[in-house]
Each structure stands twice: as C-alpha cells, then as structure tokens.
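Here's the letter readout for the chains.
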Amino acid sequence: MIDEELCINCGKCAKECSFGALDFKEKKVRYQGGCVACGRCMSFCPTSAIMVNDVPNIFPHHPWFTERDRRAIAAQARSGGVLLSSCGTDLPYRSIYDDLLLDAAQVTNPSIDPLREPIETRTYLGRRSGKLCIEKRGKKYELVSGDGAIVSMDMPIMIGHISLGSVSYNTQKALFTAAEHLNIVAGSGEGGLHPDFFNFAHRINSEVASGRFGVTPEYLKRVAAVEIKIGQGAKPGHGGHLPGEKVTEMISQTRMIPEGTDALSPYPHHDIYSIEDLQQLISVLKEATDYQMPVGVKVAAVHNIGAIASGIVRAGADFMTIDGFRGGTGSAPRVIRDHAGIPIEVAIATVDQKLTEEGLRNKVTLCASGSVRSSADMIKIIALGADVASVCTAAMVAMGCRVCQHCHMGICAWGIATQKVELASRLDPKIAAMSVVNLFRAWNEELREVLGAMGIDSVESLVGNRDRLRYVGPNPKMAEVMDVKHVGEGWG
C-alpha cells in the first residue's frame, strides 16, 4: 500500500524491487502485483510511504478448501507442473519446542553465577573415543591413544550447509567469515569450494552429496571435516536442482560443470544402497584425507531414524547430522517440503535413546538441524540429546533475509539468494558476517545464563539430560516418545 500523501515519487522503491511488483513510469510509482513481502521497498523508502499488508482474501471463506489450497490448485491448473518453494514449511504444525519448559536450580542444587564462575561451552565435532590412554614419559604425561580426528568449537553451534549457487558469493563469504570469528564450523553445501575461500578451509565442513559436484582431493584435504549428504530435512528422499540460469561462470568453475546447464543431483547416491555401501564411502573419504579429519553423515529425520542412525555409527561415521522436517532449502517441491519427515525434537530424542541403548552414543557427535530459531530452541535440542545445533535460516535472517520463500527464483532483493551481480552487490559481506557473529555470541551468552540457572557448569553435562525438561503440551504420548516427563513430575 502506498500512501499518496507521503510518497514523493522518487522511484527508489521500484528500483529496489527485484520481483517487478512496483513500476516507476511518468514519475509515478504503480503497484504491478506479485509482491512477495520481502520488505526491501519499505526499508529504502525515504518517507516511509509504503506498507506491506496481507493480500485480502479473494475467495469466499471455506473451512476445508483454504485460500492457500485454492491458490495452489489455480497455479497447477495453469502450469501443469510441480509447485516449488523455498525455506522451511510454513504450514502451522505444532511446535514441540514451545511445549517444553526448562528446569532451574533451587536450594538443594545451587545455581552458578556465570559472571563469577566459569561455565564451559566448548564443543567438539568428531568421533568420541570413549576413553583416553595416557602414559608418563619422563616428566611429561602424553596421550597415547583415543585421540581421533576432532574439531574444537567455542560454542555448540555450527552453520549448516548453504551452497554457493543457492546463495551469492558475498553471502557465503559472510558465513565463512563469521565461522572464522566465532571459531566454529560452517558447511560448504553441495558443489565444492571456490578457490577464494580456501583460506577459510580450516573452518569448513565440506559436503559430499549425490552429484559429487566439485569434490576433489585438492580441497578435501584442506577442510576441517567432510560430511556425506544422504538427505535433507526439507526434501527427504529427494535430490537437488540448481537451475541453469544460476550456473554462472563462477558456479561452473566451482562445481566443474558446463556453464548454463542444470545441476541435477540424483535422489540417491548411486553407489549407496546399504549400510555396507555407506561404510565403503566413509572409508574412502577417510583414506583420501589421510585420516586427518572427521567424516560425518547427514540424513533427514524420518520415521525409522533410530535404526538408521545406529547403522550410520556402526558404518564408521565420526559425526552425524539429523535434519528435521522444518529445515530450510533454496528450492524444493512444496508437497515434499510440507508433508515429509518428522520434527527434529522427536528425531534427536529417539536417536539419542537408541544409540545409548546400544552403547554407541559416546562414539559419535550428534548434530541437530532444521528449525532452530533461538537460543531456547538450541538449549532444548541439546537437552534432548544433540551435541551441536546446526543453524541456517536464523543466520540468513541475521544477514537480512525476510523468509519470503522465493529463493528458488534467484532474484533475492537483499542480495542473499541470487547470482545476479547487481543484486548480490547489495550485501556487504563484512556487515553481514558481523551480524551473524553478534547473533551467535548472544545465543552462547544466553546458553551460559541458562546453564548457570540450572546449576550446570559445562554444556556437555546438558547433552541428553532430558530430566531438565518438562512437557506442557496436549499429547502425553509425545512426551513418552521423547522420554521427557510431564510438567509437575519430579526428578528420578
């Protein structure tokens, strides 16, 4: 909505709108339709003359066929194609995070003041040996076994996989810069690593996906960790598709594919049809990297995730990422994004219990991704069983993303999910990186505050400590599956 009294017809809004929703002709701004509510026009209007409101319902009210349903039917009736969307699902599934409450220390279990006493948030990514063997050699004690490849991080947060191609060069540079400042790890996403980013390699978790684009020993030996991507929470069982128009000269060189051609990742890895096949690929990657870095596996959260996770650990994975069904994506069929998979809260609790029952939990680092919105979500997922929270969308929001769900169009007005030079230049990587740094530092401080209030002096003591959670939701079966007591029940 444009306030005609405030508008000075400078045309700035139309220039900033990359979706063509505003037009500036004959010194007059006109709305053309197609607004995605990215908010770029509002932010740059010098007189605050623009307001973005929900589009009025054009269909009569119906309790079963919602406007969303009817708009989807109309779109497919016109195109005959699969509906695509971006980001995580926007369907109003109940948030299990919001049904969990944290414990606090009182009287018999005193709290810890984080301003006066140390609270450790350092976390490690890699295979846990279970025990360390130390020998005295002369006057020194030395570690003689149990020190596998492992990566130290200053906080239990890592930036998830966001590929160059789905986002701009400046966006990926900002994410890697933030990881460097924070001493954490950032995912490369599928498609290899651009040579300009080799100086960040020691902070990068490199992804080996089904397309194997850009995977070379040259850069694999430089990175901090390697992760085999089997599935993604936003599209479990589905491959990847980077449209040809996004495959610029830079993307072509990085992914080692012809410029302008679609980059299609197969749904499965064509050499993995069993746990034994997965074991072979893990062994090959460890051999290729001289056993100097942890090798992990990423899977989507699906119904049988406990048994799948057990097989992955037995196959030799040093760490494992479970990606929940609310996880983000640059492009996915809407029907899969909205209807496949299970919530990450349930998946992590189930995997943690399964691995503990089988005596495997202390051998692997468990990472949780998909829908971590705040430090509260991060703390709860750690208490449910994760060692590390892997975060993507929140980092993008910190850089300016408005979650308009149109990344797949490649014309992001904020310069984040685009390869168009004129749009990508809108994102200053230094400012964006510091925004991510500030966000995660704030989350880590809030983690320390909560740990202190719980009387816990190390984040490792919170991992899988479900007795410090209570369920307040409407479904007791959910609490039972997660092994979380209902509110009102005591310890023990």
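That block above? That's the structure.
Residues numbered from 1 in each chain as written. Predicted model: local features only at pLDDT ≥ 70, side-chain atom pairs only at ≥ 80, totals over all residues. Heavy atoms only, no water.

Draft legend 1. Region of the structure containing the overall build of the protein. Within the protein one finds 15 helices and 20 strands. Over its C-alpha trace the protein gives a radius of gyration of 24 Å, about what one expects of a compact globule, namely 23 Å for 492 residues. For the protein, the spread of C-alpha atoms along the principal axes amounts to about 85 × 55 × 45 Å. Here the protein holds 492 residues, and the buried ones make up 51% of them. For the protein, the proportion of contacts with a sequence separation of at least 24, taken over those separated by at least 6, is 67%. Surface accessibility of the protein: about 22800 Å² in total, with carbon and sulfur atoms responsible for 54%. (Helix = DSSP H or I, 4+ residues; strand = E, 2+ residues; numbered from the N terminus. Rg over C-alpha atoms; globule rule 2.2 N^0.38 Å. Buried < 20%, exposed > 50% of the residue type's maximum accessible area, 1.4 Å probe, protein only. Contact = heavy atoms within 4.5 Å. Areas by Shrake-Rupley, 256 points an atom, 1.4 Å probe, with all protein chains shown as cover.)

Draft legend 2. Region of the structure containing the packing of helix α8 (residues 305-314) against helix α10 (residues 344-357). Interaxial distance between α8 and α10 falls to 8 Å at its minimum, and their mutual angle equals 55°. Here α10 runs oblique to α8, going by the angle between their axes. Classified by chirality, the crossing of α10 by α8 is right-handed. Here α8 contributes I305, G306, A307, A309, S310 and V313 to the contact with α10, which in turn contributes A347, T350, V351, K354 and L355. Along the lines of polarity and charge, the residues of the contact of α8 with α10 split into seven nonpolar, three polar and one charged. (Axes fitted to C-alpha atoms, helices over the stretch in contact; angles between N-to-C directions. Parallel < 35°, antiparallel > 145°, perpendicular 65-115°, else oblique. Left-handed = near helix turned anticlockwise from the far one by under 90°. Nonpolar A, V, L, I, M, F, W, Y, C, P; charged D, E, K, R; others polar.)

Draft legend 3. Layout of the side chain of R70. Checked against the element boundaries, R70 lands in helix α3 (residues 67-79). For the buried R70, no salt bridge exists, and the shortest N-O distance to an oppositely charged side chain is 6.5 Å, to E67. Side-chain polar atoms of R70 contact the backbone oxygen of F65, separated by 2.8 Å. Once you skip the residues sitting within four places of it in the chain, R70 turns out to touch F59, P60, H61, H62 and F65. (Lys, Arg positive; Asp, Glu negative; His and termini not counted. Salt bridge = Lys/Arg side-chain N within 4 Å of Asp/Glu carboxyl O. Polar contact = N/O pair within 3.5 Å; in protein donor to acceptor, adjacent residues only side chain to side chain.)

Draft legend 4. Expanded view of helix α11 (residues 375-384). Along α11, nine of the ten residues are buried, which leaves the element largely enclosed by surrounding structure. What α11 keeps buried is the set S375, D377, M378, I379, K380, I381, I382, A383 and L384. Looking one or two residues beyond α11, the residue adopting positive phi is G385, at roughly 145°.

Draft legend 5. Inspection of the packing of aromatic side chains at higher detail. Taken as a whole, this structure holds seven aromatic pairs when the rule is applied. Relative to W443, the ring of F440 lies with its centre 5.5 Å away and its plane at 55°, an arrangement referred to as tilted. Taken together, the positions of F440 and W443, both in helix α14 (residues 429-454) and three residues apart, correspond to about one turn of that helix. Residues F440 and W443 agree in their burial class; the two are buried. Within the aromatic cluster, the residues linked to one another by ring pairs are Y169, F176, F197 and F200. If you follow R40 out to its NZ or CZ, it ends over the ring of W414, 4.8 Å from the centre. (Phe/Tyr/Trp six-rings, centres within 6.5 Å; stacked < 30°, edge-to-face > 60°. Lys NZ or Arg CZ within 6 Å of the ring centre and 35° of its normal.)

Draft legend 6. How the structure looks around α14. Between its first and last C-alpha atoms α14 spans 37 Å; for 26 residues at 1.5 Å apiece the expected length is 38 Å, and the two agree. With a side-chain oxygen positioned 2.9 Å from the backbone nitrogen of K430, the residue opening α14 is D428. Once α14 finishes, G455 follows within two positions and takes phi at roughly 80°, a positive value. (Expected span 1.5 Å × (residues − 1).)

Draft legend 7. A look at the pattern of salt bridges. Counted according to the given criterion, the structure contains 31 salt bridges. Two residues, E16 and R426, come together in a salt bridge whose shortest N-O distance is 3.6 Å. Residue E16 is found in helix α1 (residues 12-16), and its partner R426 is found in the loop between α13 (421-424) and α14; the two are separated by 410 residues along the sequence. For R426, a relative accessible area of 25% corresponds to the partly exposed category. R466 is paired through a salt bridge with D352; the nearest N and O atoms lie 2.8 Å apart.

Draft legend 8. Region of interest: a nonpolar patch on the surface. On the surface, M1, M42 and M51 cluster together into a nonpolar patch covering about 320 Å² of accessible area. Note on placement: M51 falls in the loop between α2 (40-44) and α3. (Patch = residues over 30% accessible without salt bridge, like charges linked within 9 Å, V, L, I, M, F, W, Y side chains within 5 Å.)

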